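# Per-entry structural report
Here is how the chains run, residue by residue.
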Amino acid sequence: MPSMDCSTRRLAADEIAEINRTHLVDTPLRPADLLFMFGTREDVALRVDVAARLWREGFFRWSIVSGGVTPGSEQSECTIIKAAMVAAGIPPDLVLEEHRAMNTGENVIFSLPIIDAALGLQNIRSVICLGNTWTARRYPMTLHRHWPEVEKMLLTVDSFAIPRALWHTDVEFRRRVLHEWDKIEPYKASGFIAEWPEA
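Below or above, wherever it landed, is the structure these notes cover. Just so it is clear, the structure is predicted and the values come from calculations on it, not from any experiment.

When its secondary structure is counted, the chain shows six helices and five strands. At 16 Å, the chain has a C-alpha radius of gyration in line with the 16 Å of a compact globule built from 199 residues. Taking the principal axes of its C-alpha atoms as reference, the chain extends roughly 50 × 35 × 30 Å. Counting over 199 residues, the chain shows a buried share of 50%. A separation of at least 24 residues holds for 76% of the contacts in the chain among residues at least 6 apart in sequence. Within the structure as shown, the chain displays about 9600 Å² of accessible surface, and the carbon and sulfur contribution to it stands at 54%. Considering the chain, the positive charge centre built from 22 side chains and the negative charge centre built from 27 side chains are found 2 Å apart.

Here is the structure:
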């Protein structure tokens, strides 16, 4: 994995184009059985606003929020995000909870038994992954590694003022995107994630 500081790494135009094309993707959305809300400390209100809009527009029947207690907080990401979702109008009994995960792999691994116990994995045929723009397709790639049978859609959000395709022009946006992009190939080689979308 590159050791160079992501904020100073030189980027060629073709690498920027590849990241825009293959990593920073959203998929067309259609109504799904489940919204998978990946835990975060960034842009919580924005992510919840999007989830509430999706709920109002009928894009999911159930949701799971996954995220443990992070440094500096006494509450899990799940507790904080679910409370905000309920305040935004999503019925609490339709939001499953996972309170232990500390990374994206654990989000999925710890959530699957909870989904299975509550709903039955065989009853879930489609999932919308909702998370941060810079993590992007690593969410469905992680889900695909552990739950290949289900259809995956991806929707990402961020509060940066610049268009997503210009991420490389903002120092912090650039750092976050490259930090995630540099994980893709090593994580695939280690079996942490699986190729998605499949060719």
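The next thing to look at is the layout of surface pockets. Within this model, the largest pocket holds a volume of roughly 780 Å³. In terms of lining, the largest pocket is formed by 31 residues, of which the most central are Met 102, Asn 103, Thr 104, Arg 138 and Glu 180. Taken together, the elements giving at least two residues each to the lining of the largest pocket come down to helix H4 (104–119), helix H5 (138–146) and helix H6 (171–190).

The next point concerns the nonpolar core. Core analysis: the largest hydrophobic core is formed by 22 residues, its most contacted members being Leu 34, Phe 36, Ile 115, Ile 124, Val 127, Leu 143 and Trp 147. Where this core is concerned, the elements lending two or more residues are strand E1 (32–38), H4, strand E4 (126–132) and H5. The element that contributes the greatest number of residues to this core is H4, accounting for four residues. Residues contacting Phe 36, with those up to four places away along its chain left out, are Ile 64, Ser 66, Asn 107, Val 108, Ser 111, Ile 115, Val 127, Ile 128, Cys 129, Leu 130 and Leu 143. Leu 35, Val 50, Val 95 and Met 153 belong to the second largest nonpolar core, which has 21 residues in total.

Another aspect to go through is the packing of helix H2 (residues 44–56) against helix H3 (residues 77–87). Between H2 and H3, the least distance of the axes is 9 Å, while the angle of their chain directions is 45 degrees. Of the possible angle classes, the one that applies to H2 and H3 is oblique. Considering only the axes of H2 and H3, their crossing is right-handed. Every residue of H3 that contacts H2 at Val 44, Val 48 and Ala 51 is listed here: Ile 81, Ala 84 and Met 85.

Let us now look at the side chain of Arg 137. You can see Arg 137 is positioned in the loop between E4 and H5. The buried category is assigned to Arg 137, whose relative accessible area is 6%. Here the side chain of Arg 137 touches Thr 22 through a polar contact of 2.9 Å, landing on its backbone oxygen. At 3.3 Å, the side chain of Arg 137 forms a polar contact with the backbone oxygen of Trp 196. Setting aside residues no more than four positions away along its own chain, Arg 137 makes contact with Thr 22, His 23, Val 25, Leu 154, Trp 181, Ile 184, Glu 195 and Trp 196.

This next bit is on unusual backbone geometry. Going from Trp 196 to Pro 197, the amide bond is cis rather than trans, its omega being -10 degrees. Among the secondary structure elements, Pro 197 is positioned in the segment after H6. Although it is not a glycine, Asp 43 adopts a positive phi angle of roughly 55 degrees. The exposure class assigned to Asp 43 is buried, which follows from its relative accessible area of 18%.

What counts and how
- Residues numbered from 1 in each chain as written.
- Predicted model: local features only at pLDDT ≥ 70, side-chain atom pairs only at ≥ 80, totals over all residues.
- Heavy atoms only, no water.
- Helix = DSSP H or I, 4+ residues; strand = E, 2+ residues; numbered from the N terminus.
- Rg over C-alpha atoms; globule rule 2.2 N^0.38 Å.
- Buried < 20%, exposed > 50% of the residue type's maximum accessible area, 1.4 Å probe, protein only.
- Contact = heavy atoms within 4.5 Å.
- Areas by Shrake-Rupley, 256 points an atom, 1.4 Å probe, with all protein chains shown as cover.
- Lys, Arg positive; Asp, Glu negative; His and termini not counted.
- Charge placed at Lys NZ, Arg CZ, Asp CG, Glu CD.
- 1 Å grid on protein atoms, 1.4 Å probe; cavity = no way out; pocket = protein on both sides within 12 Å on 5 of 7 lines; lining within 4 Å.
- Points joined across faces, edges and corners; volume = space filled by probe spheres on them.
- Core = buried A, V, L, I, M, F, W, Y, C linked by side-chain atoms within 4.5 Å.
- Axes fitted to C-alpha atoms, helices over the stretch in contact; angles between N-to-C directions.
- Parallel < 35°, antiparallel > 145°, perpendicular 65-115°, else oblique.
- Left-handed = near helix turned anticlockwise from the far one by under 90°.
- Polar contact = N/O pair within 3.5 Å; in protein donor to acceptor, adjacent residues only side chain to side chain.

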